[in-house]
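Structure assessment
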There are 2 protein chains.
Amino acid sequence: MWSNQAYLIAPVQYKQDFAKNRTPAPGAPASVIDSMKNKYDIPQAEIVAVGNELLNGLVSDTNSTFICGQLRMHGLQVGRISVVGDDADAIRSALDQALSRVDLVIVTGGLGATHDDITKDVLADYFGTPLVRDPKVEEMIRVFFEKRQRPVPDAALRQAEVPKDGRPLYNDQGTAPGLMFERGEQRVYVLPGVPREAEHLTRQYILPDVAPAGNLCLQQRMLWTTGLVESALWEMFGPVDELENLVQVASLPSHLGVRIHLTAYGENVEETSAKIEQAETLLEKVLSSYIYARDEQTMESVLGQLLVDRGETVAVAESCTGGLIGHRLTNIPGSSRYFLQGWLTYSNEAKVKSLGVDAALVERHGAVSEEVARAMAEGARQCAGTDWAVSVTGIAGPDGGTATKPVGLTYIAVAGKTLTSCQKFVFPQDRLRNKERAAQAALNLLRLHLIGLK
Amino acid sequence: MWSNQAYLIAPVQYKQDFAKNRTPAPGAPASVIDSMKNKYDIPQAEIVAVGNELLNGLVSDTNSTFICGQLRMHGLQVGRISVVGDDADAIRSALDQALSRVDLVIVTGGLGATHDDITKDVLADYFGTPLVRDPKVEEMIRVFFEKRQRPVPDAALRQAEVPKDGRPLYNDQGTAPGLMFERGEQRVYVLPGVPREAEHLTRQYILPDVAPAGNLCLQQRMLWTTGLVESALWEMFGPVDELENLVQVASLPSHLGVRIHLTAYGENVEETSAKIEQAETLLEKVLSSYIYARDEQTMESVLGQLLVDRGETVAVAESCTGGLIGHRLTNIPGSSRYFLQGWLTYSNEAKVKSLGVDAALVERHGAVSEEVARAMAEGARQCAGTDWAVSVTGIAGPDGGTATKPVGLTYIAVAGKTLTSCQKFVFPQDRLRNKERAAQAALNLLRLHLIGLK
């Protein structure tokens, strides 16, 4: 749901410099990683992603995104990602170029059991090492198929062959082991393309190997905001100098809000924690009511925690969002403790019959009106017997708009014990995004009520 | 929702060969593209994606996925994607390497108005051309801000500077124009990183320039299946030789089903159409009831068309899916013609009170049972007065399972005029995916009823 438009306010404290620092400093310790880790001189790794499907427009290379993020948390900056097809020449040339720039390369994809998967052979050939059968991998493959009560195909057993001078990365999530090759101070890790397996082996084998041990510490924080467009947010915040002296700031806008990503660098975790905390305080001071979540939190997880803490319950009455608000609320495990019931009242009759909205109100003001939004929320709260109810009624588009009620016109109401409030929005013309915008705004209005800001 | 695991059954009819064919054949026509277009010798392009955010784990490079897919539809194969940061040396070296392999390079990102956006300067420098202000771009930028009733910032006006020896790609979706550089037979297009703008300029400027005109024709078809895991699907289909003699086949599994992607190559559109049609017939013969959509269709668009054609209506009664089925049905413009109403009956009380499910039934069989699923569907159909109703009740997890009713146990029912049918599923343990699986299975069960296969 988040667009991938990123707007870096400014790079601070370090300058990415991919072409230089290719070799560790003279007299550096044995570890490739540590040797390159000087203050604010971020070590470099590269990724070579292999797979025809990545070049055909069928799938995006999300494995690299995951690996980049994980390495960065460990103080390692990926300098380049090269995406190539299942082609020996292409794999070889991308690997060769990557190793001419950096000492840590992660290759993903092409380790499967079909004849298109050539990555293992290409790399064994590149490092001049024969393939030998690894008994432990063979045993894991046999167990994998036994568990599924299926015979072991020959093609699968071929996956037990690993490079003699490499190290197998045992994979208990699938049949293809990962691989690790070393040449002098250079290391190449090879991971299967299946995301779950690639993520598993990254955590199990690569991250422990590159654990930060040098003099550079890095800490990140994501702040999730909604309710302000990007330019309005930074205009409200004012000059960013003080903020940027503490942390590197990336501002990531989408139709659901702006994510603010902070990165602090320092000598140790005390220093980075202090910087993150100070930066967050600066942002909180101005934007507090717009910041709804941090790091792994979501709007619905924050709402769930608020409702559980208060021992309160909620119901929804959705028209144009069609169920999206209920879907989001129930994505949280244990949401049955506070989410009791919802109504998808798409037709006017449903609003009247199921929620007790006065038919005359619909007749007089139309289904998309403040009056009907309020009546829907109050009706849902009463019918469900909950503490809170949220309602949405709007014109999602692309059709159904009029001169006075354009496409995108949306009313959102929250009914509580003591009051009902309503907000009016006019969203741009894009049906799916308008549904998402409306659901986000509705959940946020409930949040503001729960924390007492409405 | 689709995983990015791709499993190429076999490449047929052409062999990707990135390292060779770097230069057009001698005596080739002026057009770079056409000159490289020999039978099954797919022309090559490359992408250089620029942006620190692409290397930080914050966002995936979906622009490249879009461009790859669009170029492929026009007979052009992208041979490599190089993702680099906002760094002059890195951009220059990636571009240089790409132009040593292919004659068409598309650069994305780094055209914004902030000081991190250096792509335009780097490329102007690379091609040795100064920047000059383009009056049309300047006018478009002024209009852009006037419409928003905001003064034009100086930084935005700097975007009106375009390379003297390049061509601006006028961008009416944002303030940064795209650019096109030519050097001999080589072309470099530069697009903004904002996905909407990159897509718009790709369609408006790049695709017309590379329109197929040679002796190679390519045609694609996506068939969407659900209800069979990948291995079962291909086992049921049997030997693939005949299929692969016609088309290249890629099988893309996810938890919602398997997508089958077909690519036909030929001399002309008659040949490729015939191959696609024959291949589809082979697949339809065995898998017809599992194939629910083709190409741009979705499950919900297919259902919408079926309901409109029959003049029938539907209601939903959702428990564990929490609104996802209603959300999906209402993603289709005009769905108010057939989707009248839904109930999110998360609590037992809601099932009894709103849908008229017999409390004794819930007491005796439990809320997650075939009996309750049937009663929910029949109750929803009756309350809403629709032709059809779909219900889901299940244990989404991760908690709430018992020995006899494990996490993932889900009952799905469809009630129609003449009968109610129910299916039982036990999905694996992953809350969000189980909700998605259940919604998909519920919509598919409705589809099977509508086409008379249930």
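An unreviewed UniProt entry annotates chain A as CinA-like protein originating from Nitrospina gracilis. Word for word, the UniProt comment on chain A under Sequence similarities (unreviewed entry) is "Belongs to the CinA family."

All names here are of chain B. Summarising burial for strand S9 (residues 186–191): 6 of the 6 residues are buried, a large majority. Residues Gln186, Val188 and Val190 of S9 are buried on one face, and the alternating residues Arg187, Tyr189 and Leu191, pointing to the opposite face, are buried as well. Inspection of the sheet shows strand S4 (residues 104–108) paired to S9 by 5 bridges, in the parallel sense. By the bridge assignment, Thr108 is partnered in S9 with Leu191. Strand direction decides the pairing type here: strand S8 (residues 178–183) and S9, joined by 5 bridges, are antiparallel. Looking at the pairing, Phe181 lines up with Val188 of S9. Between S8 and S9, which follow one another and run antiparallel, lie 2 residues, and Gly184 among them has a positive phi close to 60 degrees.

To continue, consider the interface of chain B and chain A. The interface is formed by 92 residues belonging to chain B together with 91 residues belonging to chain A. Of the roughly 7,100 Å² buried between chain B and chain A on both sides combined, carbon and sulfur atoms contribute 52%. If you look at where chain B meets chain A, you find 0 salt bridges. For the side of chain B that touches chain A, the element with the highest residue contribution is strand S3 (residues 77–84) of chain B, accounting for 8 residues. Among the residues making up the side of chain B that touches chain A, the classes are represented as 37 nonpolar, 37 polar and 18 charged. Two strands pair when backbone bridges link them, and strand S3 (residues 77–84) of chain A and S3(B) are joined in this way by 5 bridges, in the antiparallel orientation. Each bridged residue has a counterpart across the sheet, and for Ile81(A) the counterpart in S3(B) is Val83(B).

Across the sheet, 10 strands lie side by side as S18(A)-S17(A)-S16(A)-S14(A)-S15(A)-S15(B)-S14(B)-S16(B)-S17(B)-S18(B); this open sheet has mixed pairing. Each of the sheet's edge strands pairs with one partner strand only, and the pair in question is strand S18 (420–426) of chain A together with strand S18 (420–426) of chain B. Within the sheet, the average angular offset between the axes of one strand and its neighbour, ignoring direction, is 10 degrees. Those strands touched by helix H16 (residues 370–384) of chain A are strand S14 (314–318), strand S15 (339–345), strand S16 (388–394), strand S17 (409–415) and S18 of chain A, and its axis lies near 145 degrees from that of S16(A). The sheet strands contacting helix H17 (residues 431–450) of chain B are strand S14 (314–318), strand S16 (388–394), strand S17 (409–415) and S18 of chain B, and the helix crosses S17(B) at an angle near 30 degrees.

Turning to the UniProt feature "coiled-coil region" (unreviewed entry) in chain A, a few remarks are in order. Per the UniProt entry, the sites bearing "coiled-coil region" (unreviewed entry) are residues 262–289 of chain A in this numbering. Between the end C-alpha atoms of residues 262–289 of chain A there is a gap of 19 Å, over a span that is 68% helix and 18% strand.

So, about helix H17 (residues 431–450) of chain A. All names here are of chain A. Spanning 20 residues, H17 covers 29 Å between terminal C-alpha atoms, matching the ideal 28 Å at 1.5 Å per step. Of all 20 residues that make up H17, 18 are buried, and the element is covered over most of its length. Gly452 sits one or two residues past H17 and shows a positive phi near 80 degrees.

The next subject is the packing of helix H12 (residues 299–310) of chain A against H17(A). Residues and elements named next belong to chain A. At their nearest, the axes of H12 and H17 sit 10 Å apart, and the two run at 30 degrees to each other. As far as their axial angle goes, H17 and H12 are roughly parallel. The two elements H12 and H17 meet at a crossing, and its hand is left-handed. Counted together, Met299, Glu300, Val302, Leu303, Leu306, Leu307 and Arg310 of H12 and Gln440, Leu443, Asn444, Leu446, Arg447 and Leu450 of H17 form the full contact between these two elements. Of the residues assigned to the contact of H12 with H17, the class counts are 8 nonpolar, 2 polar and 3 charged.

Within the largest apolar cluster, 189 residues are counted, with the highest numbers of intra-cluster contacts made by Leu71(A), Val188(A), Leu71(B) and Val188(B). Among residues more than four places away in sequence, those in contact with Val188(B) are Leu95(B), Leu99(B), Val105(B), Val107(B), Leu123(B), Phe127(B), Leu179(B), Met180(B) and Phe181(B). Membership of the second largest hydrophobic core comes to 28 residues, among which are Ala315(A), Ala384(A), Val357(B) and Ala384(B).

Locating Glu270(A) in the fold gives a position in helix H11 (residues 269–287). Sequence separation between Glu270(A) and Cys217(A) is 53 residues, and the spatial gap between their C-alpha atoms is 9.4 Å.

This paragraph deals with the pairing of S14(B). All names here are of chain B. Counting buried residues along S14, 5 of its 5 residues qualify, which places the element largely inside the surrounding structure. Residues Val314, Val316 and Glu318 of S14 are buried on one face, and the alternating residues Ala315 and Ala317, pointing to the opposite face, are buried as well. With 5 bridges connecting them, S14 and strand S15 (residues 339–345) associate as parallel partners. Its bridge partner lying in S15, Val316 is registered against Gly342. Two elements, S14 and S16, share 5 bridges in a ladder whose sense is parallel. Bridging from a neighbouring strand, Val314 pairs with Trp388 of S16.

Rules behind the numbers
Residues numbered from 1 in each chain as written. Chains lettered and ligands numbered in written order. Predicted model: local features only at pLDDT ≥ 70, side-chain atom pairs only at ≥ 80, totals over all residues. Heavy atoms only, no water. UniProt positions renumbered as here; feature names shortened; annotations may be inferred. Buried < 20%, exposed > 50% of the residue type's maximum accessible area, 1.4 Å probe, protein only. Helix = DSSP H or I, 4+ residues; strand = E, 2+ residues; numbered from the N terminus. Pairing = 2+ DSSP bridges. Contact = heavy atoms within 4.5 Å. Buried area = accessible area lost by both parts, 1.4 Å probe. Salt bridge = Lys/Arg side-chain N within 4 Å of Asp/Glu carboxyl O. Nonpolar A, V, L, I, M, F, W, Y, C, P; charged D, E, K, R; others polar. Axes fitted to C-alpha atoms, helices over the stretch in contact; angles between N-to-C directions. Expected span 1.5 Å × (residues − 1). Parallel < 35°, antiparallel > 145°, perpendicular 65-115°, else oblique. Left-handed = near helix turned anticlockwise from the far one by under 90°. Core = buried A, V, L, I, M, F, W, Y, C linked by side-chain atoms within 4.5 Å.

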